[in-house]
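Below are the chains, spelled out letter by letter.
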Amino acid sequence: MKKTTKILSVLSIYFLLLIIDGCTNCNCPDNVLAFFDFKKMEQEVNGTSLSEIDQLEINLSFDSIAYLALFEKNPCWNLGLINSATACSCIGPGENGLKFPLSQIKITSDQAINISLPAGASLDSIFYIIELDYENNERSKTLLNDFVIANSTWLNWEGARFQLKTISRPEDLGVPHIFKIDFIKSNGEIVSSETPPITWN
């Protein structure tokens, strides 16, 4: 019985060392470009000539991406018990998210939507922000007015895809609208994107 207990104790210690060795000996580079920043937004609209019952859909994703360094050495050490390539993975470029997270998204039009929303007014109250997967299927939908960026971690990653979608059309038909979307970062920088002229007929 004592012999069995000793064997189990030795095995437990050995497996513990395997776990520690596998999780610390990653052969990771000393400096990793772990954050990313963007200079443009890739944009696609569902049409420039819409019927009066259509909703405008603006699909967006980060573009002109640059990776930024996190100057931090990886604390790796080696007991030589396990091949580290099968035990763990290193932080890849951009995996820590945006270096300067978004603090606000603001959308306006160069034309009046109605008497309450003149040209240049914030249109956050008439647009949904929709999280999309890689096949453009909807994951979540929130009125932009109620959207809390700080609680939306999905928007902090390089592969984030999302859509801005109107709730209602402009009051006057036949008037071309150019929608401007401002993406305001935590460092104060603003990246703007404009749609082509959109007309409801």
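Residues numbered from 1 in each chain as written. Predicted model: local features only at pLDDT ≥ 70, side-chain atom pairs only at ≥ 80, totals over all residues. Heavy atoms only, no water.

The next point concerns the pattern of salt bridges. Summed over the entire model, instances satisfying the criterion amount to eight salt bridges. Of the charged contacts in the structure, one is a salt bridge between E189 and K39, with a shortest N-O distance of 3.5 Å. Remark: K39 occurs in strand β1 (residues 32-45) and E189 occurs in the loop between β8 (179-185) and β9 (190-194); sequence separation between them is 150 residues. The partner of K165 in a salt bridge is E57, with the nearest N and O atoms 3.6 Å apart. Placement of the pair is K165 in strand β7 (residues 161-166) and E57 in strand β3 (residues 57-70), with a sequence separation of 108 residues. Overall, K165 belongs to the buried group, its relative accessible area being 19%. Here the salt bridges share partners, and the residues they tie into one network are D37, K39, K185 and E189. (Salt bridge = Lys/Arg side-chain N within 4 Å of Asp/Glu carboxyl O. Helix = DSSP H or I, 4+ residues; strand = E, 2+ residues; numbered from the N terminus. Buried < 20%, exposed > 50% of the residue type's maximum accessible area, 1.4 Å probe, protein only.)

If you look at the biggest cluster of nonpolar residues, it comprises 32 residues, and the most contacted ones within it are F62, I107, F127, L164, F179 and F183. Elements represented by at least two residues in this core include exactly β1, β3, β4 (102-109), β5 (127-132), β7 and β8. Residues contacting F179, with those up to four places away along its chain left out, are L56, I107, T108, S109, I113, L123, F127, S193, E194, T195, I198 and W200. (Core = buried A, V, L, I, M, F, W, Y, C linked by side-chain atoms within 4.5 Å. Contact = heavy atoms within 4.5 Å.)

A word on the environment of I91. Summarising the element assignment, I91 is placed in the loop between β3 and β4. On the accessibility criterion, I91 (38% relative accessible area) is partly exposed. Each C-alpha atom of the pair I91 and L33 lies 8.7 Å from the other, and the pair is 58 residues apart in sequence. Apart from the residues lying within four places of it in its own chain, the contact partners of I91 are V32, A34 and N96.

What follows deals with the sheet that holds β4. Taken together, the three strands give an open sheet; going across it, the order is β4-β8-β9, and neighbouring strands pair in antiparallel fashion. Taken across any chain shown, the strands that pair with only one partner, and hence form the sheet edges, are β4 and β9. Recorded for the sheet is a direction-independent mean angle of 15° between the axes of neighbouring strands. Pairing between β4 and β8: seven bridges, direction antiparallel. Each bridged residue has a counterpart across the sheet, and for S109 the counterpart in β8 is F179. (Pairing = 2+ DSSP bridges. Axes fitted to C-alpha atoms, helices over the stretch in contact; angles between N-to-C directions.)

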